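Coordinates in review
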Amino acid sequence: MDTHLPAYSPKAVKRAWLALAGALGLLAIGTTNGLFVAPPEHYMGDVYRILYIHVPTAWNAMLALTFAFFSALAFLWKNDWAWDARLEAFVETGVLLSLLLCVQGSIWAKPTWGVWWDWDPRLTTTAVMLVAFVGILALRHFVDDPRRRAVWSAVATIVAYASVPIVYFSVQWWNSLHQLQSSPKTVDAVMVTPLRINAFGMLLLLLAFSSLRSQLARRRLARELAPPPAAASLALGGEG
Amino acid sequence: MSGVISGGWEFVWAAYAISFTVLAAYGIRLAIAVRRAEKEGDER
């Protein structure tokens, strides 16, 4: 295991604040366009406008969990603590977005399907994915030893990631109440622009949150992995 | 029954309000934690 301590990066924090400012700007423009400029949908009327927050949330939730998966692989491959900090950050932001995804979907389901929740393939697999990654956050919370925590959560993330492609393809593999994936090919050109703006806004938000969260995780790791004061002074004495 | 949904703005507002409130709360929590960590770092 690599012994170098993860360093806190003020530059990364500055970049995160810039990304956050960009995210707020894009989300303000995209949401205003989605709510007030885009025309109502033929069958769903104005209710479809939930799409402009729901779809960007879905894309970025899956992206965050994909980043977490690659962080887990990178940690196991390179033994670099910075990847453990990134894994923690991406799993937490992925869980946050997945939770919002379920809430938004539930709110959209009521006026269109007549129920808040249904155990159909897309919703069920999303719930399983959410529970799996909440479990990884719980594991990280309850395991005190940083080395065990890092290895166990990296392995658990790789296993839990199997749920992400299942969620994505669930609407194609099984009969689902949920519609197929939205894309510029399936959404009218007038309605695509706010969707794209909000998708990029949400991406910047994900990067900003993950970067800040990763810096906090680095600080905690540096504290946990630092040698105890007595050992540090002995080491210094030995050098002199 | 025409199969067309009319109204429903309350659902739209609810979805956006909950989403942005949760995201703002998480962002503020992160900002406070980062500021506190930087302050502790400066004091050492």
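Our structure's up above, just so we're on the same page.
Residues numbered from 1 in each chain as written. Chains lettered and ligands numbered in written order. Predicted model: local features only at pLDDT ≥ 70, side-chain atom pairs only at ≥ 80, totals over all residues.

Counting secondary structure elements, chain B contains 1 helix and 0 strands. Among the 44 residues that make up chain B, the fraction classed as buried is 16%. (Helix = DSSP H or I, 4+ residues; strand = E, 2+ residues; numbered from the N terminus. Buried ≥ 20, exposed ≤ 12 C-beta atoms within 10 Å, placed from the backbone.)

All names here are of chain A. For helix H5 (residues 146–160), built from 15 residues, the straight-helix expectation of 21 Å at 1.5 Å per residue is met to within 8% by its first-to-last C-alpha distance of 20 Å. All of the buried residues along H5 are Ala 150, Ser 153, Ala 154, Thr 157 and Ala 160. Take H5 and look down its axis: the buried residues cluster within an arc of 135 degrees, on one side only. Exposed and oriented more than 90 degrees from the buried face of H5 are Arg 148 and Val 159. The elements touched by buried residues of H5 are helix H2 (51–78), helix H3 (81–113), helix H4 (121–142) and helix H6 (163–173). (Expected span 1.5 Å × (residues − 1). Arc of directions from axis to C-beta. Contact = placed C-beta atoms within 7 Å.)

Moving on: the environment of A:Ser170. Residues and elements named next belong to chain A. Take Ser 170: it is sitting in helix H6. Considering only alpha carbons, one finds Ser 170 and Thr 124, 46 residues apart in sequence, at a separation of 9.5 Å. Excluding anything up to four places from it in sequence, Ser 170 contacts Pro 121, Arg 122, Thr 125 and Ser 176.

Okay, unusual backbone geometry next. Residues other than glycine seldom take positive phi values, yet A:Asn79 does so here, at roughly 55 degrees. Mapped onto the elements, A:Asn79 comes out in the loop between H2 and H3.

Moving on: the nonpolar core. By size, the foremost hydrophobic cluster in this structure holds 70 residues, and its most contacted members are A:Ile50, A:Ala64, A:Ala68, A:Phe133 and A:Ala208. Those elements giving two or more residues to this core turn out to be helix H1 (10–37), H2, H3, H4, H5, H6 and helix H7 (189–225) of chain A together with helix H1 (9–43) of chain B. Beyond its immediate chain neighbours, meaning those up to four positions away, A:Ile50 contacts A:Gln104, A:Ile107, A:Trp108, B:Phe11, B:Val12 and B:Ala15. (Core = buried A, V, L, I, M, F, W, Y, C linked by C-beta atoms within 7 Å.)

In this assembly, 29 residues from chain A lie in contact with 22 residues from chain B. Elements with a contribution of two residues or more to the side of chain A that touches chain B: H1, H2, H3 and H7 of chain A. Of the residues forming the side of chain A that touches chain B, the biggest block, 9 residues, is contributed by H3(A). Residue composition of the side of chain A that touches chain B, by class: 18 nonpolar, 6 polar and 5 charged. (Nonpolar A, V, L, I, M, F, W, Y, C, P; charged D, E, K, R; others polar.)

Residues and elements named next belong to chain A. Orientation of H3 relative to H7, taken along the N-to-C sense of each, is 135 degrees, at an axis distance of 8 Å. The orientation of H3 with respect to H7, classified from their angle, is oblique. Handedness of the H3/H7 crossing: right-handed. Across from Trp 81, Ala 82, Asp 84, Ala 85, Arg 86, Glu 88, Ala 89, Phe 90, Glu 92 and Thr 93 in H3, the residues of H7 making contact are Leu 206, Phe 209, Ser 210, Arg 213, Ser 214, Ala 217, Arg 218 and Leu 221. (Axes fitted to C-alpha atoms, helices over the stretch in contact; angles between N-to-C directions. Parallel < 35°, antiparallel > 145°, perpendicular 65-115°, else oblique. Left-handed = near helix turned anticlockwise from the far one by under 90°.)

All right, on to the environment of A:Val13 then. Summarising the element assignment, A:Val13 is placed in helix H1. With 19 C-beta atoms packed within 10 Å, A:Val13 lands in the partly exposed category. C-alpha of A:Val13 to C-alpha of A:Leu180: the two residues are 167 residues apart in sequence and 38 Å apart in space. Beyond its immediate sequence surroundings of up to four residues, A:Val13 is in contact with A:Leu212, A:Gln215 and B:Val34.

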